[in-house]
Every structure is written in C-alpha cells, then in structure tokens.
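# Summary of structural features
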Amino acid sequence: MPIPFERLALVAWVLGRERAGTLLGELGEESAVRAREHLQRLSALPSAQRQAKVALEFGERADAAARLRRLMSDAPPMLRREIFRRLPPYHRTLFPDASLAPQATEVPPALGALADRLIREATR
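Okay, so let's go over this structure. Computed from a prediction, not measured in an experiment: that's the story for all the values here. (Residues numbered from 1 in each chain as written. Predicted model: local features only at pLDDT ≥ 70, side-chain atom pairs only at ≥ 80, totals over all residues. Heavy atoms only, no water.)

### As for the packing of aromatic side chains
- According to the stated counting rule, one finds 0 aromatic pairs in the structure shown.
- Sitting over the ring of Phe84, Arg92 keeps its end group 5.4 Å from the ring centre. (Phe/Tyr/Trp six-rings, centres within 6.5 Å; stacked < 30°, edge-to-face > 60°. Lys NZ or Arg CZ within 6 Å of the ring centre and 35° of its normal.)

Okay, structure coming up:
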C-alpha cells in the first residue's frame, strides 16, 4: 500500500510545525523528499485552507455536539434558525425544538455565510 505523503505532511504539521521537516526526515531519503514537498505546499497555504485540509482529512471534532449546542444557545433567534437549516441531518437530531423551523422569509446571504462558517468552526 503506498504511503500517503500528503497525510504524513498534515500530521507532521499538526503535531509540530517547527519540527515537521525533521519528523518527515525520518521516513527515508526518497519518502522524506516527497513528504517535504507536500509540507512546503501546506505551509504556503493560508491558515484557513490548512485547517480545512486537516478537517477534511481527519474528520469532525470529538466535541462537535457540545460545541454546536453552545453555539445554538448563544446565537440570536434568526441566526439560530439559519444554523439549524444548514446543519446536516445527523446534527439536527441534537435540537428537537420545533421553534427552530425555518421562517418563510428569505435570509440575507451574509447571514447564511455566517451560519456556514460558525458550523464549520464548531465541528472541525
């Protein structure tokens, strides 16, 4: 099975940014070169893109449910409804409250973008 060098570079970045190159150097000559190439690409990305890559590769936070509950309790009603509307079905089960049903009025695009961002931050 081939070694997933991009994943190794992500792990090295997450575990020790300053030592990531050194950690990857332990792989062996050819593997280390390929992994370091991925590390260079990762380090050139903006922080948000790196975080997104890590989240996509390694999944959701273990405390996502608690963070979503806290987010919903702190959000004003209109934002709370929009967050609920944009949650995946498996997270909606955390909130059985019928008052979260979406309103018939159209939501401003900025509110939708904010809801998406808050969900991402709570779950990844």
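### Remarks on the layout of surface pockets
- Roughly 510 Å³ of internal volume is contained in the largest pocket.
- Taken together, 18 residues form the lining of the largest pocket, with Ser47, Ala48, Gln51, Ala52 and Arg124 sitting closest to its centre.
- Of all the secondary structure elements, the ones that give two or more residues to the lining of the largest pocket are helix H1 (5–15), helix H4 (47–58) and helix H8 (109–123).
- In terms of residue count, the dominant contributor to the lining of the largest pocket is H4 (7 residues).
- When grouped by side-chain class, the residues that make up the lining of the largest pocket number 6 nonpolar, 3 polar and 9 charged.
- The calculated volume of the second largest pocket comes to roughly 150 Å³.
- Glu60, Arg86, Pro88, Tyr90, His91, Asp116, Ile119, Arg120, Thr123 and Arg124 are the residues that line the second largest pocket.
- At the level of secondary structure, the elements contributing two or more residues to the lining of the second largest pocket comprise helix H7 (89–92) and H8.
- Grouping the amino acids of the lining of the second largest pocket by side-chain chemistry returns 3 nonpolar, 2 polar and 5 charged. (1 Å grid on protein atoms, 1.4 Å probe; cavity = no way out; pocket = protein on both sides within 12 Å on 5 of 7 lines; lining within 4 Å. Points joined across faces, edges and corners; volume = space filled by probe spheres on them. Helix = DSSP H or I, 4+ residues; strand = E, 2+ residues; numbered from the N terminus. Nonpolar A, V, L, I, M, F, W, Y, C, P; charged D, E, K, R; others polar.)

### Some remarks on the nonpolar core
- Counting residues in each nonpolar core, the largest one holds 14 residues, and the members touching the most others are Leu68, Leu79, Ile83, Leu87 and Phe95.
- Secondary structure elements with two or more residues in this core: helix H5 (64–74), helix H6 (77–86) and H8.
- When residues in this core are grouped by element, the largest group, 4 residues, is from H8.
- Ignoring any residue separated from it by four or fewer positions in sequence, one finds Leu68 in contact with Leu87, His91, Leu94, Phe95, Ala122 and Thr123.
- Phe5, Ala9, Ala35 and Leu39 belong to the second largest nonpolar core, which has 10 residues in total. (Core = buried A, V, L, I, M, F, W, Y, C linked by side-chain atoms within 4.5 Å. Buried < 20%, exposed > 50% of the residue type's maximum accessible area, 1.4 Å probe, protein only. Contact = heavy atoms within 4.5 Å.)

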